[in-house]
Every structure is written in structure tokens, then in C-alpha cells.
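Analysis of the macromolecular model
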Amino acid sequence: MALTGWIWAMAMQMATLPAPPSLPCWIEGRWVSEEAEGRWTEENWTGCRAETMLGTGRGGRGDEVTTYEFMRIARNENGDLMFYGAPFGNPAAAFRAVKAGPAEIVFVNSNHDYPQRIRYWMEGDMLLAEASMRDGSKPQAWRYKRVAGK
């Protein structure tokens, strides 16, 4: 009888644990930001499949690419949802999801020099992205419109 009570208590405790965050499937697609002085930035994200999303990003001015990054959102060996970013082909830095909802996700790595926080969220049909320090200081922000094709 005591074992049954212990099993019941564990089941109740597990039922109150928050569900692990889901992949942000709402960022799937091609996103472009046209900025001042001919600057532009774009991100391309695959759909959610096998608990993994792959992304590429690039930015530039006019016909010149000045930045690029390879990205991945997937679960690590512990089941944590992670963002892996590898700008300019460098080794990927890992950021753990600390907040996730139907139209927002926040990843944090307090040990990274910059950024320490990466946030994506939707406002209407716009995808917004922000890289900053963990406390939100030193933000860099992008406003993307979804584009079809190519």
C-alpha cells in the first residue's frame, strides 16, 4: 500500500511540472528586413521536423553580404530546447530556451560574451528578433516581413 501511495504522489508531482517548450514552428519560412541606407537582413527557417529546425541568416548592404550565420533549434541530450548559432562559420554557441509560448521564445546563455539573450516573437504578421545581454541591455533588433518564394 505504501508503494502505491508513493507512485500516486510521484504521478501527481510530475503532472504539475511544466511541459518542455515546443519548437517555435511559427518562425518557419523566409523573412526579410529592409533597413536604412540600403542595408538588409534575412533569415530562412525550415519547418519543424524530427524536433529540429535549421536556419540561415545573412545581412548586407546593396549587393554585398557582410554577415552570415548558420542556426539550429533542437533538443540537447538532456531534452532542453536549444538555439545554436554559428556566425561566420565559427563553432556554434548554445543558448537554452527559458521562455516559450505560442508567439514568443527566449534563449539565454549567461556565459556567452555577446549576445547572452536571443528573443523571437510575432507582432501581427511581423517576426521580430532581438539579441542582447541577459538583462536586455545592448539590444540589436530586427523587424522581418515574411516573403514567398526564392
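Residues numbered from 1 in each chain as written. Predicted model: local features only at pLDDT ≥ 70, side-chain atom pairs only at ≥ 80, totals over all residues. Heavy atoms only, no water.

For the coordinates displayed, the defined rule picks out one disulfide. The residue that forms a disulfide with C25 is C48, at a sulfur-sulfur distance of 2.0 Å. Taking the torsion about the sulfur-sulfur bond, which here is approximately -125°, the covalent link between C25 and C48 counts as left-handed. Residue C25 is located in the loop between α1 (2-15) and β1 (29-34), and its partner C48 is located in the loop between β2 (39-45) and β3 (52-61); the two are separated by 23 residues in the primary sequence. With a relative accessible area of 32%, C48 lands in the partly exposed category. (Disulfide = S-S within 2.5 Å. Helix = DSSP H or I, 4+ residues; strand = E, 2+ residues; numbered from the N terminus. Buried < 20%, exposed > 50% of the residue type's maximum accessible area, 1.4 Å probe, protein only.)

Taken as a whole and assessed by the stated rule, the structure comprises nine salt bridges. R61 is the salt-bridge partner of E37, the closest N and O atoms lying 2.9 Å from each other. With E37 in the loop between β1 and β2 and R61 in strand β3, the pair connects residues that are 24 residues apart, well separated along the chain. Of the residues examined, E37 reaches a relative accessible area of 59% and is grouped as exposed. Residue class for R61 comes out partly exposed when judged on its relative accessible area of 38%. Salt-bridge contacts for R143 lead to E123; the nearest nitrogen and oxygen are separated by 3.9 Å. Taken together, the residues span a long stretch of sequence, with R143 in strand β10 (residues 140-147) and E123 in strand β8 (residues 117-123) at a distance of 20 residues. On the basis of relative accessible area, R143 is assigned to the partly exposed category, the value being 46%. Several salt bridges share partner residues, and in doing so they unite R30, E42 and R58 into one network. (Salt bridge = Lys/Arg side-chain N within 4 Å of Asp/Glu carboxyl O.)

The subject of this paragraph is a nonpolar patch on the surface. A grouping of V65, Y68, F70 and F88 is seen on the molecular surface, where their side chains present a nonpolar patch of about 390 Å² in accessible area. You can see F88 is positioned in the loop between β5 (81-87) and β6 (93-100). F88 sits in the partly exposed class, given a relative accessible area of 43%. (Patch = residues over 30% accessible without salt bridge, like charges linked within 9 Å, V, L, I, M, F, W, Y side chains within 5 Å. Areas by Shrake-Rupley, 256 points an atom, 1.4 Å probe, with all protein chains shown as cover.)

So yeah, pure geometry; function would need other evidence.
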